Amino acid sequence: MVTVKFKMREAGFSANFEYGELHAAGNKKYGFRPYQLMVSSIAVCSGRSAQGNS
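How each quantity is defined
Residues numbered from 1 in each chain as written. Predicted model: local features only at pLDDT ≥ 70, side-chain atom pairs only at ≥ 80, totals over all residues. Heavy atoms only, no water. Helix = DSSP H or I, 4+ residues; strand = E, 2+ residues; numbered from the N terminus. Buried < 20%, exposed > 50% of the residue type's maximum accessible area, 1.4 Å probe, protein only. Polar contact = N/O pair within 3.5 Å; in protein donor to acceptor, adjacent residues only side chain to side chain. Contact = heavy atoms within 4.5 Å. Salt bridge = Lys/Arg side-chain N within 4 Å of Asp/Glu carboxyl O. Pairing = 2+ DSSP bridges. Axes fitted to C-alpha atoms, helices over the stretch in contact; angles between N-to-C directions.

Asker: A description of the side chain of Ser14 should follow, citing residues and the corresponding values.
Answerer: As for its position among the elements, Ser14 is in strand S2 (residues 12-17). With relative accessibility at 1%, the residue Ser14 sits in the buried group. At a separation of 3.0 Å, a polar atom in the side chain of Ser14 contacts the side chain of Arg9. A polar atom in the side chain of Ser14 sits 3.5 Å from the side chain of Glu21. Once residues lying within four places of it in the same chain are set aside, the contact partners of Ser14 are Lys5, Phe6, Lys7, Arg9, Glu21, Leu22 and His23.

Take a look at the structure:
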């Protein structure tokens, strides 16, 4: 099981993963916006590649 710890920052949140640090904030200047992370999660979970192949 993987445990993720989010840290509250001055302008949003951050989390460390094996591939790097992820920043999420309401202002795109400080990280990914929450809706961007949601849309990417839905796209990945749908099982389709960017070229439309299953």
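Asker: How would you summarise the pattern of salt bridges if you had to cite specific residues and measurements?
Answerer: A pair can form between side chains of opposite charge whenever their charged atoms are brought close. As enumerated under the stated definition, the model contains 1 salt bridge in all. Linking Glu21 and Arg9 is a salt bridge whose minimum nitrogen-to-oxygen distance equals 3.8 Å. Placement of Glu21 in strand S3 (residues 20-24) and of Arg9 in strand S1 (residues 6-9) is noted, with a sequence separation of 12 residues between them. Residue classification places Arg9 among the partly exposed positions, given a relative accessible area of 41%.

Asker: Explain the environment of Val4 to me, and be specific about the residues and the numbers.
Answerer: On the secondary structure map, Val4 appears in the segment before S1. Along the chain, Val4 and Ala15 lie 11 residues apart, while their C-alpha atoms are 6.9 Å from each other. Apart from residues no more than four positions distant in its own chain, Val4 is found in contact with Ala15 and Phe17.

Asker: Tell me about the pairing of S3, and name the residues and values.
Answerer: Note: S2 against S3, 5 bridges, orientation antiparallel. Looking at the pairing, Ser14 lines up with His23 of S3. In this antiparallel pair of consecutive strands, S2 and S3, the connection spans 2 residues.

Asker: Explain the sheet that holds S3 to me, using residue names and the numbers behind them.
Answerer: Reading across the sheet, the 3 strands line up as S1-S2-S3 and stay open at both edges, with antiparallel pairing between neighbours. Since the sheet does not close on itself, it has two edges, and those belong to S1 and S3, each with one partner. Here the strands of the sheet are splayed against their neighbours by 25 degrees on average, with no regard to which way each runs. Pairing analysis gives 4 bridges linking S1 to S2, with the strands arranged antiparallel. Bridge pairing links Phe6 to Ala15 in S2.

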